[in-house]
Amino acid sequence: TVQEFCRNYPNAIHGYYIQDIETRFDSDPQSVLQVKKGYKEMSSGFLFVKTAWLQHQLTDFFNVSAFLIRPTVDDNLFYPKSGSIQPTDHVHICAMVRTSTPRRN
């Protein structure tokens, strides 16, 4: 857990990539308390998120701030191979984008 890591490595620079608010998936009071404690303990290092919505949720509900790092694509890894697309070929594009959800507005 986050707490164990912080205890075991007190001199490490702590970073925590928060992908979602865990308390929204498990409403057990002990779990909620552990999540809140983890956010607070990790705030002595740095927290980072990929969406402004999540950044605001952390500030509003947990009183912790997180760095916003915009979503990225490594175009050195994901690119069309030279000469692989012919004018008559169908181009297939696959992407995962979640522009909004009922819970995230």
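Note that this is a predicted model, so its numbers are computed, not measured. (Residues numbered from 1 in each chain as written. Predicted model: local features only at pLDDT ≥ 70, side-chain atom pairs only at ≥ 80, totals over all residues. Heavy atoms only, no water.)

Comments concerning the sheet that holds strand β2 (residues 46-49)
Move 1: Taking strand neighbours across the sheet as the criterion, the three strands line up as β1-β2-β3 in an open arrangement whose pairing is parallel. Each end of this open sheet is capped by a strand with a single partner; those strands are β1 (15-17) and β3 (67-68).
Move 2: Judged from the two bridges that link them, β2 and β3 form a sheet pairing that is parallel. Bridge pairing links F48 to F67 in β3. (Pairing = 2+ DSSP bridges. Helix = DSSP H or I, 4+ residues; strand = E, 2+ residues; numbered from the N terminus.)

Side note on the environment of K50
Move 1: Along the polypeptide, K50 turns up in the loop between β2 and α3 (52-62).
Move 2: The class of K50 is partly exposed, set by a relative accessible area of 26%.
Move 3: Remark: the alpha-carbon pair of K50 and P71, spanning 21 residues in sequence, is separated by 5.8 Å.
Move 4: Discounting chain neighbours no more than four positions away, the residues touching K50 are Y17, L68, I69, R70, P71 and T72. (Buried < 20%, exposed > 50% of the residue type's maximum accessible area, 1.4 Å probe, protein only. Contact = heavy atoms within 4.5 Å.)

Focus on α3
Move 1: All buried positions along α3 are accounted for by W53, L54, Q55, Q57, L58 and F62.
Move 2: At its buried positions, α3 is contacted by α2 (29-42), β2 and β3.
Move 3: N63, located one to two residues past α3, shows a positive phi value of around 55 degrees.

Function-wise, these values are silent; they only describe arrangement.
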